[in-house]
Amino acid sequence: MNVVFAVKQYISKMIEDSGPGMKVLLMDKETTGIVSMVYTQSEILQKEVYLFERIDSQNREIMKHLKAICFLRPMKENVDYLIQELRRPKYSIYFIYFSNVISKSDVKSLAEADEQEVVAEVQEFYGDYIAVNPHLFSLNILGCCQGRNWDPAQLSRTTQGLTALLLSLKKCPMIRYQLSSEAAKRLAECVKQVITKEYELFEFRRTEVPPLLLILDRCDDAITPLLNQWTYQAMVHELLGINNNRIDLSRVPGISKDLREVVLSAENDEFYANNMYLNFAEIGSNIKNLMEDFQKKKPKEQQKLESIADMKAFVENYPQFKKMSGTVSKHVTVVGELSRLVSERNLLEVSEVEQELACQNDHSSALQNVKRLLQNPKVTEFDAARLVMLYALHYERHSSNSLPGLMLDLRNKGVSEKYRKLVSAVVEYGGKRVRGSDLFSPKDAVAITKQFLKGLKGVENVYTQHQPFLHETLDHLIKGKLKENLYPYLGPSTLRDRPQDIIVFIIGGATYEEALTVYNLNRTTPGVRTVLGGTTVHNTKSKSEDEKFYGRKKAEQGKEKLAVHGGSGGFPVLNISYKWNHITYSLLCLLPSIRFSSFIHVIAYINTSLFMAE
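What comes next is a walk through the structure. (Residues numbered from 1 in each chain as written. Predicted model: local features only at pLDDT ≥ 70, side-chain atom pairs only at ≥ 80, totals over all residues. Heavy atoms only, no water.)

Concerning the pairing of strand β5 (residues 119-125)
Right, so step 1: Counting buried residues in β5 gives six out of seven residues, a clear majority hidden from the surface.
Right, so step 2: The pairing of strand β4 (residues 93-98) with β5 spans five bridges and is parallel. Residue Y94 lies in a different strand from β5, and its bridge partner there is V119. (Buried < 20%, exposed > 50% of the residue type's maximum accessible area, 1.4 Å probe, protein only. Helix = DSSP H or I, 4+ residues; strand = E, 2+ residues; numbered from the N terminus. Pairing = 2+ DSSP bridges.)

In structure tokens, the structure reads:
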């Protein structure tokens, strides 16, 4: 189960089906993002796609020499744009692909608009989600609920994204959900309704052990998104922010123009792929090795190009050198900025106390350390509020709870009211009254023994003691010990054998720390394959801004930034095969799985020129 591979395969199939010749890829805002996560600009150009356009762009030129590949979400506004396009076609022929189920009435409207008969094909390719890592996907939805209830529009979008994922991976799963969450139950029911309604699409070859979809709610573990991270990918997201693999470095002091925004993609960056799950100390050492390797391969300044062979060797090696130079510059800049922020914000000391709050049960020591850090001028108001939020969650019902005093300390430190309000909001969102689990005080004998032995042994790294609650949940699920009274099945059937294919979806967003947990479980548990997804991928700031913290609908987020990257697979599709005057529908479930992410809005004209030397 590889979501990047799945999405990339869908896009490859679209391009292949359109045949040879110059092409334009016509997308909407969301599918632009979907494509960019799995394909680099250079990769897609090699497939004769020379122009990338948005369907809502008003200033597109007529280019009858181009074929149009349309990849769009099946939304009313996109159908309306397509109808306008077909009435006055700008390209010679159209291959139309929807990322989810399209209604028959919309297909009929498109058919009626195609008076010039320029449409060659209409299909459904179920790439309706963002493929972040091979085992991690997101829907890029921030603020999916109003209080504890779903926003109806976001419930619909989440259902579509999750069912598209199942179709792209060719899975018809049994469903379990978190009983303490009404939102989890509601989503489980919606997914089941779609599977029942579109049963023909979900008729895959049966496996001995059925796949399992487990739906969780972020409120059951509000601790994980609040912690500072020390592995490369998670740390970059926590301190700099990752938006569809794109990192904004414009605020870095003295940054050069070409490094103000960089892309980190494991598909196209070998150093990042090899280091994304390593801790910060190892990254520093590996950056040094990368620099040394670069210096060895750097062309000598005095290198003489005296012969045709010398010139040929230089030209052949230069692109590789240029790519390596870009990789070195990018990672040295990113790691340098991470190091600056760690020092400037005193994050080593802050993180040590965060880990104590998350993993230990010594109230007196924790309170003393939090108070000490609140007096430290290097600790930012956001980090100060985060420490108090962690304290409030852990010691919410402790007999010696000192939250009022800490709130006064925040006020005296000059922490703004918007950050102070987060403390009560996080308790309302993920406090003991809401949680279906006990994050801090294990009840069963095995867990208590493990905690006791861990305390005797100590920890190898005080900054990475914490394990997300998801680790325990998946461990119990794989061992057949996940309690049905806490995580019931939807429907009468239950799983008797150990699950082999597990899809976990977290309402309210997943984190990169949880993605690392899934990555490690996949590596160390033979025969079990797990994919993690969420309405978004959180860091502390995004989680703090999530409307669920405030119990209100969040205003629309700012304009989404777009990027381009690289993935591959096989997938089910719905082929709407027709001559427009006789519309017939035929189901073809032939291909492997796929999925999409964000794509840079680029207009690339490729002019081929012939140079002749005298």
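Let's talk about the sheet that holds strand β7 (residues 136-138)
Right, so step 1: Taking strand neighbours across the sheet as the criterion, the six strands line up as β6-β7-β17-β15-β11-β10 in an open arrangement whose pairing is mixed. Two strands bound the open sheet, and with one partner strand each, they are β6 (130-133) and β10 (174-177). Recorded for the sheet is a direction-independent mean angle of 25° between the axes of neighbouring strands.
Right, so step 2: As defined by bridge partners, β7 adjoins strand β17 (residues 529-534) across three bridges and the pair is classed as parallel. Considered in β17, the bridge of L136 is made with L532.
Right, so step 3: Packing of helix α19 (residues 512-524) onto the sheet brings it into contact with β6, β7, β15 (501-507) and β17, and relative to β17 it is tilted by some 170°. (Axes fitted to C-alpha atoms, helices over the stretch in contact; angles between N-to-C directions. Contact = heavy atoms within 4.5 Å.)

As for the packing of aromatic side chains
Right, so step 1: Going through the model one piece at a time under the given rule, you end up with twelve aromatic pairs.
Right, so step 2: Plain terms: the ring middles of F382 and Y419 are 5.5 Å apart, the flat faces sit at 65° to each other, and that makes the pair edge-to-face. Taken as a pair, F382 in helix α14 (residues 381-394) and Y419 in helix α16 (residues 417-430) lie far apart in primary sequence, 37 residues in all.
Right, so step 3: Ring geometry for Y391 versus Y395: centroids 5.4 Å apart, planes at 45°, classification tilted.
Right, so step 4: The residue whose ring lies beneath K8 is Y39, and the NZ or CZ to ring-centre distance is 4.7 Å.
Right, so step 5: Above the plane of the ring of F382 lies K541, whose end atom (NZ or CZ) is 5.6 Å from the centre. (Phe/Tyr/Trp six-rings, centres within 6.5 Å; stacked < 30°, edge-to-face > 60°. Lys NZ or Arg CZ within 6 Å of the ring centre and 35° of its normal.)

Observations concerning the side chain of T231
Right, so step 1: Following the sequence through the fold, T231 ends up in the loop between β11 (212-217) and α8 (232-239).
Right, so step 2: The exposure class of T231 is buried, given its relative accessible area of 13%.
Right, so step 3: Other than its neighbours up to four places away in sequence, T231 contacts M276, Y277, L278, N279 and L516.

Thoughts on the pairing of strand β3 (residues 67-72)
Right, so step 1: Burial analysis of β3 places six of its six residues in the buried class, which makes it a mostly covered element.
Right, so step 2: By the bridge criterion, six bridges tie β3 to β4 in an arrangement that is parallel. Bridging from a neighbouring strand, F71 pairs with Y97 of β4.
Right, so step 3: In terms of handedness, the path from β3 via helix α4 (residues 76-87) over to β4 forms a crossover that is right-handed. (Right-handed = clockwise from strand over helix to strand, strands pointing away.)

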